[in-house]
Amino acid sequence: MITFQTYWPMLLLAVIPFFWWVSRKTLMDLSPGHLKLGTLIRSAIVLCLALALMQPVWNRSGSWVSVVYMLDVSKSVSPQAISEAIDWIEETDAAGGPDHSRFIPFAANSLVFEELDELRTVQVTNIPTEGAIDQSATDLEGALTQASRSFAPNHLKRLVLISDGNENVGAVKDSILRMNQENVEVFTRPIAARTGSDAWVEDVMAPATVTEEELFPLEVLIQSQVATTGEVEVRFGTDDPETREVELAPGINRIAFEIRPTDTGPTMIEAEVRIGGDRFPDNNVFRQSVLVDGPPRILYIEGRSESADYLRNVLEGEGIEVRLATPGEVPLLLEELDTYAAIILSDVRADTMTPVEMEALAVYVRELGGGFLMIGGESVYGEEGYSETAVEEILPVKFDLERPSVALIIVLDKSGSMGGEKLELAKEASKAAVDVLQDDHMIGIVAFDYDHYWPVDLREADDREEINRRISRIIAGGETNIYPALEEAYAALIDVEAEVKHIILLSDGRSLPEDFESLVLGMDEETITVSTVAVGNGADRELLANISTWGGGRTYFMEDANRVPQVFTDEAELATQGTLREEPFQAVVLKEVEAFKGIDFSTSPPLLGYVSTLGKETAEILLESDVEKPILARWQYGLGKTVAFTSDVKDRWAAEWLDWDGYSKLWPQLVRETMRRKDDGQLDLKIDKVGELARISITALEEDGSFREQLTSQLSVVDPQQNVSIVNLRHSGPGSYEGEFPVDQRGPYLFRMTGDETGASRILPYSYPEEYHFYPPDTDLLRELSAVTNGTFSADASDIFRSSAENIVRPTPLWPYMAVVALLLYLGDIFLRRIRLFEKPSPSKPAAAGPSASPLSIS
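Fair warning: this is a prediction, and the values are worked out from it, not measured in the lab. (Residues numbered from 1 in each chain as written. Predicted model: local features only at pLDDT ≥ 70, side-chain atom pairs only at ≥ 80, totals over all residues. Heavy atoms only, no water.)

*Asks:* Give me the lowdown on the packing of aromatic side chains, citing residues and values where you can.
*Replies:* Considering all chains together, one arrives at 21 aromatic pairs under this definition. An aromatic cluster of three or more residues is present, and its members are Trp200, Phe280, Phe286, Tyr768, Tyr772, Phe774 and Tyr775. The cationic tip of Arg189 hangs over the ring face of Trp88; the distance from NZ or CZ to the ring centre is 4.2 Å. (Phe/Tyr/Trp six-rings, centres within 6.5 Å; stacked < 30°, edge-to-face > 60°. Lys NZ or Arg CZ within 6 Å of the ring centre and 35° of its normal.)

*Asks:* An account of the sheet that holds strand S2 (residues 56-62) is requested, with residue identities and associated values reported.
*Replies:* Strand order in the open sheet formed by 3 strands is S1-S2-S43, with antiparallel pairing between adjacent strands. Edge strands, defined here as strands with exactly one partner in the open sheet, are strand S1 (2-4) and strand S43 (808-813). Averaged over all pairs of adjacent strands, the angle between strand axes in this sheet comes to 30 degrees, irrespective of strand direction. Of the strand pairs in this sheet, S2 and S43 are connected by 6 bridges, and their pairing is antiparallel. Within S43, the position partnered with Asn59 by the bridge is Pro811. (Pairing = 2+ DSSP bridges. Helix = DSSP H or I, 4+ residues; strand = E, 2+ residues; numbered from the N terminus. Axes fitted to C-alpha atoms, helices over the stretch in contact; angles between N-to-C directions.)

*Asks:* So, a negative patch on the surface: which residues are in play, and what are the values?
*Replies:* Among the surface-exposed residues, Asp440, Glu460, Asp462 and Asp463 lie close enough to one another that they form a single negatively charged patch. Along the chain, Asp440 turns up in the loop between helix H11 (421-436) and strand S23 (442-448). For Asp440, a relative accessible area of 52% translates into the label exposed. (Patch = residues over 30% accessible without salt bridge, like charges linked within 9 Å, V, L, I, M, F, W, Y side chains within 5 Å. Areas by Shrake-Rupley, 256 points an atom, 1.4 Å probe, with all protein chains shown as cover. Salt bridge = Lys/Arg side-chain N within 4 Å of Asp/Glu carboxyl O. Lys, Arg positive; Asp, Glu negative; His and termini not counted. Charge placed at Lys NZ, Arg CZ, Asp CG, Glu CD. Buried < 20%, exposed > 50% of the residue type's maximum accessible area, 1.4 Å probe, protein only.)

*Asks:* Explain the environment of Lys75 to me, and be specific about the residues and the numbers.
*Replies:* With respect to the helices and strands, the residue Lys75 is situated in the loop between strand S3 (65-72) and helix H3 (79-96). With relative accessibility at 12%, the residue Lys75 sits in the buried group. Not counting chain neighbours up to four residues away, the residues in contact with Lys75 comprise Asn126, Gln135, Arg194, Phe280, Glu771, Tyr772 and Phe774. (Contact = heavy atoms within 4.5 Å.)

*Asks:* Please provide a residue-by-residue account of the pattern of salt bridges, values included.
*Replies:* Under the criterion given, the structure shown has 42 salt bridges. Between Asp829 and Arg42 there is a salt bridge, with its nearest N and O atoms 3.4 Å apart. Taken as a pair, Asp829 in helix H20 (residues 815-834) and Arg42 in helix H2 (residues 32-53) lie far apart in primary sequence, 787 residues in all. Classification of Asp829 as buried rests on a relative accessible area of 3%. The partly exposed category is assigned to Arg42, whose relative accessible area is 29%.

Structure follows, in structure tokens:
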């Protein structure tokens, strides 16, 4: 049957009679036959154009079939079953001989192939990759949407779905209505799930909130495909793991534990099952998050752990829970840092921390609202330290890089016992110390046995070649007599105009008795510091330790002389750093704050040193030195607070503070003011994973139980790559707020609610893809999908290609053909104008002329 889209072009046919009328009146010298043929062609052109403009359509009826084969290649499907399914598709398609075929492998995504061979060679991965199938999920809905766009138009649509039916992304039932509307018949075939000697942790059942130090029940659900023995291990935060031997039966096994948490805040539970012959270990660990309610705790990172008890004991005495850590134990994961209300970094060398660790601390303060206290010490200094790092960025101070003038004298034992390797290493150490100095710094070396002399007299360090040559000439011999050499160094330094005067004394023996205490205390009064290095078991360690204590320096004991060069280098670096100020001073109060409540600083003993810094523009300087350098400063950084105390908290610079009553009051009060506020009990934060989204819901109440309608807190999300994002929440009801966040990466997500008066944290854990649950095929879903769409469950070729009473109408537009005919006729008309097809008949000849007729005469 032919139909037309419009009929107005029929008016053009009125031109045809006009063509015939013109042909009769033409003055062209053409034969009648030629004129008739030309008029006929022109009439046909108009007729064809009119028909083309009327858009005729030839509606043919038939049973053309388009088949799309969908094959589930996700991780949960048996690889052998996939191979057998491809063979079945090849046989079925050949037997049915459809007019059109397409082949779609799918899992988390899908691809469309025109040839079956492409299905056999498709690439599969466990992560999203262009041109490959990601096996880590099953998205039936997305694959059906792709299939619905792959049918040939004007064909009967037959979709063959080969799958285990275990979807974990999307909702295939949402596609059923669309399948019906598009007249797609779905034929389903269940495919075998991956089987073997596999067991996995299905779930961990635990309360959402527990209390610190109180037992709570925990149940681990283990799914096993076989009867076997194994062990289940539960790890709770930083607590010691608990392991249990178990007998597993096929199916679900429930293993009960009791846990006593010692961490506080959002804490991760990890449950792991281990069995012999496990062919797929990727699903053996399951993670769950619980909130442990308890007193806030802080992380105290101390560079000199032997002196950590002073501050820790004071804080713990005031009920603050403290976890002590060394510089190498700084957590890198923000969800672990988030369990602490504040972090103290005390006397930690910058080169013991990585840029990643420093940035983690900055994000902890800026984005998660944590508190941070930086405490000084001799390890914290200058441009080789924290200057221009992420740690300096968050502090209310910046490091003062002003360089002092320096005079350094090395008092070197060259007695007989130092002969050989020890003396050679000592000389190399002296050269290394010289290399650290700037050209305008001063260096001198006093070598001693029973007597002493100056291999290098006190001079500027610019001529290093000559200095090193003189050092090399030192030879061993004689007994050990320290006092005269040390006295000589003192005498050389007393009149030198230098801001830093330092002596390094190295010895491996025992000296004659002298009044070393008076000598060194005299040096201390002249601001000359002394550090000592005891080499070997024969050294007088007690004497050398006392000298360094009296002289305000450091003492080193080492059995291996190979460490001597590094010690000399460190000592020279410390001496040349302008940020160290080692001299007694009285802290000056600039501003009275809550942290100073009950503290009388007028009675405070002096501090003995500090790291020189400069206050930043918006910093709040609370204490300063006698030369107006910041000692205690604080400010707000991002969502958190940071404090810088440029002296120390132990038995070096704060030695006299340790017995002062104000010490035990200042630090607990300062830490409490800096730490993040405890999570708000009136803020119920819930995070649920739905597909690739985290659904966030918050119920906020006032203290009186009424709804909180103006929530000013900010919700930050830390993804597994430690990137921080801000989530916008919408007000969904009285005291209720909602939001969504994409969770398309593997790993835990930390959600932190932070505000002036509120706070809450939750962890959305990641264990393994849902695809790694190897359940039997969901035949109920496959049956329903086939039944609703007039298909067949467990279909074969006879079902798919059965004869159907339904025919499809295939419209074929005819206007292109009419247009082509019109074009050909037009070319024919042009051709006809250039040639003469018919001869025109010759005209009749006139009769010969006769005698002239005369007029009729009437008489």
